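Here is how the chains run, residue by residue.
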Amino acid sequence: MLDVLIVGAGVVGCAVARELSRYALDVAVLEREEDVGAGTSKANSAIIHAGFDAEPGTLKARFNVEGCARMGQLARELDVPFRRNGSLVVALSQEDLPKLEALKARGEKNDVPGLRILSGEEARKMEPALADGIAAALYAPTAGIVCPFELTQAMAENACENGVTFHLNTRVERIEAIDGGYRVHSDRGTFDARAIVNCAGLYSDVLHNQLCGDKLRIVPRRGEYMLLDRKAGALVDKTIFQCPSRLGKGVLVTPTVHGNLMIGPTAEDIDDREATCTTAEGLAKAASTASLSVPNLPLRQVITSFAGLRAHLDGSMHDFCIGQPHPGYFEAAGIESPGLTAAPAIGAYLSREIATHLNAEIKPDFVATRRVVRPREMDFASRQALIRENPAYGNIICRCEQVSEGEILDAIRRPLGARSLDGVKRRTRAGMGRCQAGFCSARVMDILRRELGENFEITKCGPGSAMTVGDGKER
């Protein structure tokens, strides 16, 4: 019997796994997708929120502010791209000024540091691309941007290095209580554990309702985005929000940590938990709404669009559902925005609760760091020395993003290494540039086949997306 079994390897599940790997516990993670972070965690705004939006006293407020404060050290430990670029919430008219004042007061109750309201002139001096009619803006210097793919993968890799086992392509079907713990039934057999952690995202209500009398209902909330080329990335430096509505924080314009510009998301409640398609109407709405705060957006520079689903809890609850409703059954359900920001704090909190429940002790040999080789971030002399030592780092596979063969090999060979084109893309950015993998896909496929064997079925994103035909060998 395992000590702890985590269901779901999104950003929250991987945060819990990484924090639990500090303890002398036998921990495993079950994930239905072929890779970690392949659900909601891969399709979001990549924003680290300062914490002024959540209602004071809620779990959202608590874990948002704590997660934002933790992010700098976590990114340094795990070598994840992160920048505190700050954010502006803009008032499009004088009528919005009371909303800014209310957000500032709420943020101060949440202990968000450095908040101040700028005049329209001050805001445009900070961000010249803002619309002339903007009346004022709330400035939050602690907000940031991060790479959500790398954050999730880094926590998972670090957990794996510290002894956590990951079972991918494993769909959980049912959980039941047994003597001394719980039994999880999956399409790959059963798993017994003394404690269970439900981090199943859009399906967290399904697992909750199998064990708990108070029923939850997750409503998928779709958000559509557009990503612009790096040529447009310098248009703004801060993340630009509009005053929030009942459906969320509204359409934003933000730089990404890799230098692109992103617009979105829309907010549409739907029934289908798998409907990650974009729509012409949704993308048009994102563009027109974003243009109210940042006009003259260079939309001809759009290189891709995508949609993500947020796990919104239906009903009167406007908070995260985090805790231990039954002895040994822990959960983090309804983790929508600011879930990415809050994930490290949620992971630390739940791991402490689980360790207390199981009387677990801290391991003396926990390794907190990992490092990734990124030749394009090195100075010329260091890069040349690296290439002399390993010529694969000088063989550029993805020209748009300047990704080398050596980096792709590292991504495949690391713990929980890439096993698909999307797995390589999310770890290295090969295929994320202007041509959207038009030139490098075949070369990446060749490297995957060479590393994983001639009979390994190369897929875009796991079962059902085969790019080549093989024996279907799995990791």
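Our subject is the structure listed above.
Thresholds applied
- Residues numbered from 1 in each chain as written.
- Predicted model: local features only at pLDDT ≥ 70, side-chain atom pairs only at ≥ 80, totals over all residues.
- Heavy atoms only, no water.
- Helix = DSSP H or I, 4+ residues; strand = E, 2+ residues; numbered from the N terminus.
- Expected span 1.5 Å × (residues − 1).
- Buried < 20%, exposed > 50% of the residue type's maximum accessible area, 1.4 Å probe, protein only.
- Contact = heavy atoms within 4.5 Å.
- Pairing = 2+ DSSP bridges.
- Phe/Tyr/Trp six-rings, centres within 6.5 Å; stacked < 30°, edge-to-face > 60°.

### Some words on helix α12 (residues 441–452)
Turning to step 1, where the next piece is worked out: The terminal C-alpha atoms of α12, which comprises 12 residues, lie 16 Å apart, in line with the 16 Å expected from a rise of 1.5 Å per residue.
Turning to step 2, where the next piece is worked out: Among all positions in α12, only V444, M445, I447, L448, R449 and L452 are buried.
Turning to step 3, where the next piece is worked out: Structurally, α12 contributes buried residues whose contacts are with β21 (396–398), α10 (405–413) and α11 (421–428).
Turning to step 4, where the next piece is worked out: Looking at the residues trailing α12, positive phi occurs at G453, about 110°.

### Quick notes on the environment of V164
Turning to step 1, where the next piece is worked out: Along the chain, V164 turns up in the loop between α5 (148–161) and β9 (165–167).
Turning to step 2, where the next piece is worked out: Residue classification places V164 among the buried residues on the basis of a relative accessible area of 4%.
Turning to step 3, where the next piece is worked out: Taking the C-alpha atoms as reference, V164 lies 8.8 Å from L25; in sequence the two are 139 residues apart.
Turning to step 4, where the next piece is worked out: With residues near it in sequence (within four places) discarded, V164 still touches A17, S21, V27, A28, V29 and A159.

### Re the side chain of H185
Turning to step 1, where the next piece is worked out: Tracing the backbone shows H185 in strand β11 (residues 181–186).
Turning to step 2, where the next piece is worked out: Looking at H185, the relative accessible area reads 17%, which means it is buried.
Turning to step 3, where the next piece is worked out: Those residues in contact with H185, other than ones at most four positions away along the chain, are R171, V172, E173, R174, E176 and T190.

### Structural notes on the pairing of strand β7 (residues 136–140)
Each regular strand carries side chains that alternate between the two faces of the sheet.
Turning to step 1, where the next piece is worked out: With five of five residues buried, β7 lies mostly within the body of the structure.
Turning to step 2, where the next piece is worked out: Side chains of β7 alternate between two faces, with A136, L138 and A140 and A137 and Y139 buried alike.
Turning to step 3, where the next piece is worked out: Relative to β7, strand β5 (residues 87–91) is paired through five bridges, and the arrangement is antiparallel. Among the inter-strand pairings, V89 is bridged to a residue of β7, identified as L138.
Turning to step 4, where the next piece is worked out: Of the strand pairs in this sheet, strand β6 (residues 116–119) and β7 are connected by four bridges, and their pairing is antiparallel. Along β7, the bridge assignment pairs R116 with Y139.

### With respect to the packing of aromatic side chains
Turning to step 1, where the next piece is worked out: Under the defined criterion, the tally for this structure stands at three aromatic pairs.
Turning to step 2, where the next piece is worked out: For the pair F63 and Y349, a centre-to-centre distance of 5.5 Å together with 55° between the ring planes defines the contact as tilted. With F63 in helix α2 (residues 59–78) and Y349 in helix α8 (residues 339–358), this residue pair connects regions lying 286 residues apart in the sequence.
Turning to step 3, where the next piece is worked out: Taking relative accessible area as the criterion, F63 reaches 0% and is therefore assigned buried.
Turning to step 4, where the next piece is worked out: Residue class for Y349 comes out buried when judged on its relative accessible area of 18%.
Turning to step 5, where the next piece is worked out: Aromatic side chains Y182 and Y329 sit 6.4 Å apart centroid to centroid with 50° between the ring planes, which places their arrangement in the tilted category. Placement of the pair is Y182 in strand β11 and Y329 in strand β20 (residues 329–333), with a sequence separation of 147 residues. Both residues of the pair, Y182 and Y329, belong to the buried class.

### Topic: the sheet that holds strand β3 (residues 47–48)
Turning to step 1, where the next piece is worked out: If you walk across this open sheet you meet the three strands as β3-β8-β4, and the pairing is antiparallel. Every interior strand has two partners, whereas the edge strands, β3 and β4 (82–83), have only one.

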